[in-house]
Amino acid sequence: MKERAMGRRELLRFSAAGAALATAAGASQGDTPESERAGAKTVTTHADVLVVGGGAAGTMAAIQSARAGADTFLVERGTQLGGTTTTGGVAFPGLFDAWGRQIIAGIGWELVRECVELDGGALPDFSKVPEHHWMNQVRVNPFLYALLAEEKCAQAGVRIAYYEFPQSVRETAEGWMVECAGFGTRRRVFCRQIIDCTGGAEVVGLLNLPRLREAETQPGSMLFMLDTPDDPGRPAGALESLYVHGADSTNSRTVTEANLAGRKSILEKVRREKRRLTHLQPEAGFRESFRIDGETLVTVDDYTSGRMFDDAVCYAFYPVDLHTRGGVTPKPLRQGIVPTVPLRALIPKRSRNILVAGRCVSSDRLANSGLRVQASCMAMGQAAGAAAALAARENTTPLNVPLEEIGKTLRMHGAIVPPDNGRG
């Protein structure tokens, strides 16, 4: 087809729109686009709270921090928000309920609920105890979820930098200086508080603070679909999964190995079974990596007994769910048991002005196998976001923020805080 020449009026309109977009993109980061165009080698960004990682925990941490009044900057090395829910393809987050009542709400539930409603989907009835735990996992459209997550960040005032990741972290008189890098970009972030939501506590690792890890990690999963067209957010479009043994999210090399191994196995399956590949997630999902050694370590006994920690900031609920080479046999919690997560499990031992949230919570391996799921990570992220914002405002460290203030902030934004009884 022959290309149509663009008229002068269209050209001017196109050029003006492009200039406006470029200006908005630079201004949204709080940087100086003019200096970048002039060849500045490093972009400098100031914030109260830096959130590293935009998955289930990081997205909620950033939104909560910004809604609580902190100037919040979010760095994500990937292309979108959502992590396991979007890029990983596990677009059925849970569990938000336990034993006939809702025990996790807040910003994560707000996002999930709005995603389902906008997509014309259906929400589970939390007043009914399901026969199997997975029946109350909420199916979301991952593409819509990513868009809504960005919208909520923008509405709250969260600034986002994709394709960037910290290279070094140094303590300053005011908090932290974090050197980040992306392709074509070097960034120096000055902030008061850091929330590490990387899944493997990678910022904690850069600080040489203690982390825990098993000799062999649980297998990861590569999600795909054969024959049937994918129908996001609908049960009929359930994806298949294939284990990637030895999957390790520690660094770019091990992630590359896991992705290559997973894709190779799927290609072999397609050829062997002579079936049509209709969907493939862009990368493997990882279940296990480093965890922090925190001020408190949640043990499997704490988890399975439903221990009510005196500094509990959220609930969690899922079977003990350790995957091995032979598969997984979830071990459901006893009737009425609902675990809690303490603030001190989100704080690396003997640290100041840094929290973690999500899969890298301070816990032993079996407790972590239940704590690592999306709804619990969302709740931890929101709690960390509240604590960091309050600490930044009061110029103190999160452990010195009164628990009553953290709980008050979380409840203002819809969260369920222990020992609240939840919502029926």
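Located above this text is the structure these notes cover.
No experiment lies behind these values; they were computed from the predicted model shown.

Participant: Would you mind going over the overall build of the protein chain with me for this structure?
Facilitator: Helix and strand content of the protein chain: 11 helices and 16 strands. The buried share among the 424 residues of the protein chain stands at 54%. Here the contacts in the protein chain between residues at least 6 apart in sequence split such that 71% fall between residues at least 24 apart. Working note: accessible area of the protein chain is about 19400 Å², and carbon and sulfur atoms make up 52% of it.

Participant: What's the story with the environment of A261 in this structure? I'm lost.
Facilitator: Here A261 is to be found in helix α7 (residues 252–273). Residue classification places A261 among the partly exposed positions, given a relative accessible area of 36%. The sequence separation of A261 and A247 amounts to 14 residues, and the corresponding C-alpha distance is 9.0 Å.

Participant: What am I meant to see in empty space enclosed by the protein here?
Facilitator: Picture a little ball the size of a water molecule; that probe, rolled over the atoms, points out where space is still empty. Tallied over the entire structure, the rule returns two cavities of 30 Å³ or more. As for the second largest cavity, its lining consists of 13 residues, and the residues nearest its centre are C314, A379, Q382, A415 and I416. Elements supplying a minimum of two residues to the lining of the second largest cavity: β14 (312–315) and α10 (374–394).

Participant: How do you make sense of the side chain of E164 when you look at a structure like this?
Facilitator: Here E164 shows up in the loop between β5 (159–162) and β6 (165–171). One polar contact links E164 to R187, side chain to side chain, over a distance of 2.7 Å. Those residues in contact with E164 that sit more than four places away from it in its chain are V75, E76, R77, C180, A181, G182, T185 and R187.

Participant: Got a minute to help me understand the sheet that holds strand β10 (residues 220–226) in this structure?
Facilitator: Backbone hydrogen bonds are what pair the strands of a sheet, in a parallel or an antiparallel way. A sheet is described by the order of its strands in space; here three strands give the open sequence β11-β10-β12, paired in antiparallel fashion. Every other strand in the sheet has two partners, leaving β11 (240–244) and β12 (277–280) as the edge strands with one partner each. In this sheet, neighbouring strand axes are inclined to one another by 35° on average, regardless of whether the strands run parallel or antiparallel. In the sheet, β10 pairs with β11 via five bridges, with the strands oriented antiparallel. Bridge pairing links L223 to S241 in β11. On top of the sheet, α7 reaches β10, β11 and β12; it is set at about 35° to β10, its chief contact.

Participant: Help me understand the packing of α10 against helix α11 (residues 403–412), please; the structure alone is not making it clear to me.
Facilitator: Axis angle and axis distance: for two packed helices, these are the angle between their axes and the distance between the axes, and together they describe the pair. Where α10 meets α11, the closest approach of the two axes is 9 Å, and the angle between their N-to-C directions is 120°. Between α10 and α11, the crossing angle belongs to the class labelled oblique. Along this stretch, α10 crosses α11, giving a crossing that reads as right-handed. Across from Q382, A383, A386, A387 and L390 in α10, the residues of α11 making contact are E405, I406, T409 and L410. A breakdown of the residues in the contact of α10 with α11 according to their chemical character gives six nonpolar, two polar and one charged.

Participant: Please explain helix α4 (residues 106–118) as it appears in this structure.
Facilitator: Since the α-helix packs 3.6 residues into each turn, any two residues three or four apart lie on the same face. Across its 13 residues, α4 extends 18 Å between first and last C-alpha, which sits within 8% of the 18 Å expected from 1.5 Å per residue. The set of residues buried in α4 consists of G106, I107, G108, W109, E110, L111, V112, C115 and V116. Among the structural elements, α3 (56–67), β4 (101–102), α5 (142–156) and α10 are those in contact with the buried residues of α4. Trailing α4 by a residue or two, G120 shows a phi angle of about 70°, which is positive.

Participant: Help me out: how do you make sense of the pattern of salt bridges in this one?
Facilitator: In this structure the tally under the stated criterion is 26 salt bridges. With its nearest N and O atoms 2.9 Å apart, the salt bridge here joins E273 to R275. Note on E273: relative accessible area 30%, which makes it partly exposed. For R275, a relative accessible area of 28% translates into the label partly exposed. Here R344 makes a salt bridge to D310, at a shortest N to O gap of 2.8 Å. Residue R344 is located in the loop between β15 (340–342) and β16 (354–356), and its partner D310 is located in the loop between α8 (300–305) and β14; the two are separated by 34 residues in the primary sequence. Since its relative accessible area comes to 66%, D310 is described here as exposed. Through salt bridges with shared partners, one network takes in D227, E240, K269, E273 and R275.

Participant: Please clarify how the environment of R350 should be interpreted in this entry.
Facilitator: Looking at the secondary structure, you find R350 in the loop between β15 and β16. Sequence-wise, R350 and D293 are 57 residues apart; in three dimensions their C-alpha atoms are separated by 9.7 Å.

Participant: Would you explain the nonpolar core in this entry?
Facilitator: Nonpolar side chains tend to gather and get buried jointly when the protein is soluble and globular. Within the largest apolar cluster, 84 residues are counted, with the highest numbers of intra-cluster contacts made by F96, L371 and I406. Per-element accounting of this core gives the leading share, 14 residues, to α10. Among residues more than four places away in sequence, those in contact with I406 are V313, L343, A383, A386, A387, L390 and V401. Grouped together as the second largest cluster of nonpolar side chains are 22 residues, V75, A161, F165 and C180 included.

Participant: Explain the pairing of strand β7 (residues 176–182) to me, please; I cannot follow it from the model alone.
Facilitator: Every regular strand shows the same layout, with side chains that alternate between the two sheet faces. In terms of residue burial, β7 counts as a mostly covered element, since five of its seven residues are buried. As defined by bridge partners, β6 adjoins β7 across six bridges and the pair is classed as antiparallel. Among the inter-strand pairings, R170 is bridged to a residue of β7, identified as M177. The hairpin turn running from β6 into β7, its antiparallel successor, is four residues long, and G175 in that turn takes a positive phi close to 155°.

What counts, and at which threshold
Residues numbered from 1 in each chain as written. Predicted model: local features only at pLDDT ≥ 70, side-chain atom pairs only at ≥ 80, totals over all residues. Heavy atoms only, no water. Helix = DSSP H or I, 4+ residues; strand = E, 2+ residues; numbered from the N terminus. Buried < 20%, exposed > 50% of the residue type's maximum accessible area, 1.4 Å probe, protein only. Contact = heavy atoms within 4.5 Å. Areas by Shrake-Rupley, 256 points an atom, 1.4 Å probe, with all protein chains shown as cover. 1 Å grid on protein atoms, 1.4 Å probe; cavity = no way out; pocket = protein on both sides within 12 Å on 5 of 7 lines; lining within 4 Å. Points joined across faces, edges and corners; volume = space filled by probe spheres on them. Polar contact = N/O pair within 3.5 Å; in protein donor to acceptor, adjacent residues only side chain to side chain. Pairing = 2+ DSSP bridges. Axes fitted to C-alpha atoms, helices over the stretch in contact; angles between N-to-C directions. Parallel < 35°, antiparallel > 145°, perpendicular 65-115°, else oblique. Left-handed = near helix turned anticlockwise from the far one by under 90°. Nonpolar A, V, L, I, M, F, W, Y, C, P; charged D, E, K, R; others polar. Expected span 1.5 Å × (residues − 1). Salt bridge = Lys/Arg side-chain N within 4 Å of Asp/Glu carboxyl O. Core = buried A, V, L, I, M, F, W, Y, C linked by side-chain atoms within 4.5 Å.

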